[in-house]
Every structure is written in C-alpha cells, then in structure tokens.
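A closer look at the structure
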Amino acid sequence: MRRNKQIDVERALALASVLNFLCSCAKGCLLPFLTLYLRQLGLTPAMTGVVMGTRHLIALVWSPVASLLSKHYNKRRAVIGGSLVCSAAVALVLLLIPPADVHEQGSACNTSNLTSGAAHSLGDKLLTSSVGPETSTSTRPEDLVSQPDVTLPAKTITDTKSAPVMTTSKTSNDHRAGDKSHPQLSQETVAVAVNSSLRDPQISSSALYHVTSSSAAAVRNKRSNSKSASVELQGEKTAAVEEERHFDFLESLKAMDPQHQLFFMMLIVVSAWECASAPLEWTADDGLYEYLDFADASDRYSSTGLWGLLGAACGAGGAGLLVSQLSCLIAGQTRRSVVHFYCYAALAAMALPAACYLPLYLNKKRDRANGLLKAVQLVRGSPRALLCAITTLLVGAACSSVENFLLWQMQDHGSNELHMGLSLALALLSQAAFPLLAGRVSKILSPGRVLAVGATCLGLQCFYYSFLWGPWAALPAQTLSCLSSGALWWAVSAQCEDVATPGAERSVRRVYSALSLHLGSGLGSFAGGYVVQRFGLTWLFRGVAVGLTAWCVCLLLLQWKAPRQRRINYSRLLAANASEASDSESEQERDWLDKAMEDDRSNNNYGRRINH
C-alpha cells in the first residue's frame, strides 16, 4: 500500500465484517450437517470420524503454510478469491459420489419408503436369480448391494461358514456311473453361490460342469506348455508380474466392497476440499490486521469476530429451516440434503465481491513464522498457560465429538433438520451473548476459575445429550453454551493477555485456537468415531462428560499449586485514559516548576550573602 493512498478504517471493517459473516454462514449451512450426509451415504461411525479428523489435521498444517506462502509471494487477494471459488466447486463434487447402500441411514421422512422399496427390489432379484444357470452364477452379494434402495448387512469372513463347499481329493480317480452328471471339483476350483439375504446356498450343476471342464482343459494345456516351452513361460511370467505391479492399486480398489470404495473417495474429496478452503481465514485475517496496524487502529480488529458467530448461527438455522420445508426427494430421486451443498456454494459466491474489495496491506517487516514460534515458547514457559493449553486441547476433542455425532443422536430420537438447525443456532447465539456477562463474571471469578467452569459446563452438556428423549430435547442444553464455549474462550483471551509480550497477543491466541479447533478436534474425531462404533452414541457422550469433569478437578488443584507469573503489558500502559495521562503530566510539571523555583531562591539567597 502506498503512503499517499487514503486509509478508510470504517470501510475496511465493514467489508471484513461482511466477508466474515458470509463465510461463516456458508460453513454453518454445510459443516454441521456433513456427518449426517456421510451417514446417509452409508459410512460407519469410525469412517466418519476418520474423514472429519483428517479434515481438521489438514487445516492445522495447511492454514499457516498457505498464509506464509501468500505473504511471501504477495498473492493474498488471489489466494482469498481462489479459495472461495475452489472450495465451492469441490463441495459440489461431493454430490457426484454415489451412495454405498450399505447400512444406509436415511432421514425419518423416507425410512419407510426405502424399506418397502428394498423389499420389492430384493424379491425381484431373488426370483430372477432362480431362472437359469447363467443367472445364478452371475448373481453376487455385491450386485445386490449396488442396486438402488437395497440395504444389506456388511459381510465378514465368518458369514460364509454356512455355505457348503464341494471339493474332491486329487488322488480320487474312480467315479461312479451315477455321478457323471454331477462331477465334483478340485480344491483349486471351488464355486459357491450364496444368497446373502436368505442364507440359502444355491449351486447350479450346469455352471459347475462348465467351470470343471474349462479348468481341466486349462490344467492340461499348462502341463503341455511347461514341458515344451519352459523358457517362454518364464518370460511371460516375468512380464505378467511386472504388469500386475502397475495395476496392483487399481485392482485393490476394484476388489474392495462398495462401502470402503465410498470411504476412500470421500476421504480424497474432503481432503481436497479442506486444502482449498483452509487458506481463506488466516490469509484474510493477516491482511486485515496489517492494514489496521498500518492505520494505527489494530485495537478495532477484534470487532469483526462477533459477525462470525452471528453468520454461523444464521447459516445453521436458515439451512435447517429451508431443508425441513422440502419434500424428502427433490428433482426425481435426489435427496433434499443436497440443498446444504448448494447453499454453501451460493454463499461462497456472494462473498467474492467483499473479498475482491477488502483492503489488504503487506508488512514485510513482520515475520509471522517467528511470531508463532515465539508464542509457542511463551505458552510453554508459563505453568498456567500450559494448563490452559491442555484444557483447550481436551475441550476441542470434546467439542468435535459433539459436533460430529450430536445430530446422529438427535436423528435417532426423531429430530429433523428443523430441530437440528434451530438447536445449533441457539448454541451459537448463546455463545455470542457471553461478552454481555463478562464484566460481572470477571468480578466474581478469576480467568483460571472461569476456564474450569467453562469445561465443567461442557461436560454437563455432553451428559445431558446422552439422555435425549424427543426431537426438541436438546434445546435446553444449548443455552449452556454461553457458560461453556463463551466463558472458555473469554478465559483463553485473558490468559493470552497475561502471558503475551507486546505485539504477540494475536499469535498466542492463534496457538490456543489451533490446539483446540484443529489438533484437539482431529484427535477427538478419530477417538469419537471409534467409541461410537464400539460402544454407541450414549456412552460417547457419557465418557466425554466424565473425562472433562475429572480434568476440571485436576485443573483446579494444579492451578492452586502453580505459581502465577504475570507479565507487564506495555500496550495497556500506553492505552491509559487521557485523564490519568493529563493528571500525571500536570503533576510532573508542578514538580519541575517547584524544583526550579527552589533552586532559583537558593541561588538568590547565596548571592545576597556574598554581597553582604
């Protein structure tokens, strides 16, 4: 930015607020409901946890790296615009991935339709499979799974024990005359046709005879060729091994069941989506902060954070209300859950004009990498700051469990998108209202006590979620977000001001947010998916509640033992009230004047004594 260019702080703050509101609104439309979409496609809880955890870990690494690269090459505006466009495009690509139709969990409105359709389709397939030998040999469990509106249980190795296998020993050469129409198979050629629904093994005799004759001919040809041309076979074998190495990965994907194919496809696309959307927040924040710092208005930077919470609340509530008003299937056989993706893309496109006109400034003297390293050293050097970091890590893991699987719990108790959207919006609005109570709370409790209270309230929320009984049952617990998430982040901000040196407050705050929102959320997603897969949703919330409560008790004891180290914040001294500054200046002027008058009097008295 040139020095002679006019600086308009109000315009910059307005554009930043609009951009923050629209981006948060876009995320609120889709991200809270993404796990529900993965459930409808057929992913298990463990697979869902891996997908969401990978997304958080990518954001943990890629966000600071992309911010540093955009600053180094002075391409911040291009990165912001490209992130909005690419994230919207990749989000729509997710709609092209077909469902696996295994353990499919639809919404409450279309469960009966899917069940009846699956029954008719399964009956038709079973009748068709009993017509002829060719049809019976081509019908497999995978074919039934790939059909629409069919839900089959996942197959394991133990499920194939009931299928009879026809084998024969290689040393048996005599066959009875009555058995010529039913020849037996060798150990290398085993044909099993299992009906995965009725568990009734069906083996076609003509198909077995065809497989047996072809396999016998192949064995005779192999023996004759091995005797006549052993050198050629060795060369062909080597070429075949090399070719198999090239196509090993593709063959392994084809050999997977549809559910694992869906899992890897979703993992790849969601990772690409996060790589596209992660640079947006850090890059825009760095440019805006350096612009305000250049204009000596960096103290007004935090005023844009409130608009992010309001945008997320509007996005979650508005998307839930909109989707609940639609029919279960729109535009043919398309589920109504795709509306979340279209809303995300539309809001990202609406944020483009604000991103294009957002004023940015490049401060080449400020090194963000060294600032983050210095912030990590400050947190590690203070015992209370280290306790706060551990607390934010655990709270991030707990919050990820709530965000990923709370809607699953609500769906199991009859909630639809309307109940879910309003519940999420109420929690965000309650969190945004805590600054109204911060003044009174700070007079009663210290920041360390507020941190423990916030974690305890989050544990109470999780314990309440394990006892849901109806569609609207989650709403009362959402009001506690004011004392859980809101109080916790206020305490983290107070801890940042205590431990940070002048100019490092923002870097320390980013360290805490990265520990909670990315690292803690990633680890919590992995662990939460495994716990739900193994023990269920109820025990996930109860385990999180017990863990947080136990840590809060330990936190209070450790805070009582830890020494309190408070740094002198010179920025606060510079931001003192004008009245105090004027009073101190007037006192200093009086002291200087009195001293000068006393010196003058002493000099005059000394001169008079000499004259006399």
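Just above sits the structure.
What you see is a predicted model, and the numbers here were worked out from it, not measured in a lab.

Quick look at the side chain of R384
With respect to the helices, strands and loops of the structure, R384 is situated in helix α17 (residues 383-412). In this structure R384 is buried but unpaired, with D498 as the nearest side chain of opposite charge at 8.1 Å. Within the local environment of R384, its side chain forms a polar contact with the backbone oxygen of Q559, the two atoms lying 2.9 Å apart.

Comments concerning the nonpolar core
Core analysis: the biggest nonpolar cluster contains 56 residues, and L19, L43, L94, L262, M266, W273 and L292 have the highest contact counts within it. Examining the composition of this core, we find that twelve residues originate from one element, helix α1 (residues 9-30), more than from any other. Look past the residues within four positions of L292 in its chain and what remains in contact with it is V9, L13, A297, S298, R300 and Y301.

Points about the state of the cysteines
Applying the stated criterion to the full structure yields zero disulfides. Residue C462 stays outside any disulfide, its sulfur separated by 7.5 Å from that of C399, the closest cysteine. Judged by its relative accessible area of 0%, C462 is buried.

Topic: the packing of helix α3 (residues 45-72) against helix α23 (residues 505-534)
The description of two helices packed together rests on the angle between their axes and the distance between the axes. Packing of α3 against α23 leaves a shortest axis separation of 7 Å and a crossing angle of 170 degrees. Judged by the angle between their axes, α3 and α23 are roughly antiparallel. Crossing of α3 against α23: the hand is left-handed. Residues P45, A46, G49, V50, M52, G53, T54, H56, L57, A59 and L60 of α3 lie in contact with α23, whose contacting residues are A514, L517, H518, L519, S521, G522, S525, F526, G529, Y530, V532 and Q533. Looking at side-chain class alone, the contact of α3 with α23 contains 13 nonpolar, ten polar and no charged residues.

Observations concerning the environment of G381
Along the polypeptide, G381 turns up in helix α16 (residues 368-381). For G381, a relative accessible area of 53% puts it in the exposed group. Sequence separation of G381 and V499 is 118 residues, and the distance between their C-alpha atoms is 9.1 Å.

So, how was this worked out
- Residues numbered from 1 in each chain as written.
- Predicted model: local features only at pLDDT ≥ 70, side-chain atom pairs only at ≥ 80, totals over all residues.
- Heavy atoms only, no water.
- Helix = DSSP H or I, 4+ residues; strand = E, 2+ residues; numbered from the N terminus.
- Buried < 20%, exposed > 50% of the residue type's maximum accessible area, 1.4 Å probe, protein only.
- Lys, Arg positive; Asp, Glu negative; His and termini not counted.
- Salt bridge = Lys/Arg side-chain N within 4 Å of Asp/Glu carboxyl O.
- Polar contact = N/O pair within 3.5 Å; in protein donor to acceptor, adjacent residues only side chain to side chain.
- Core = buried A, V, L, I, M, F, W, Y, C linked by side-chain atoms within 4.5 Å.
- Contact = heavy atoms within 4.5 Å.
- Disulfide = S-S within 2.5 Å.
- Axes fitted to C-alpha atoms, helices over the stretch in contact; angles between N-to-C directions.
- Parallel < 35°, antiparallel > 145°, perpendicular 65-115°, else oblique.
- Left-handed = near helix turned anticlockwise from the far one by under 90°.
- Nonpolar A, V, L, I, M, F, W, Y, C, P; charged D, E, K, R; others polar.

So far we have only geometry, and geometry alone does not tell us how the molecule works.
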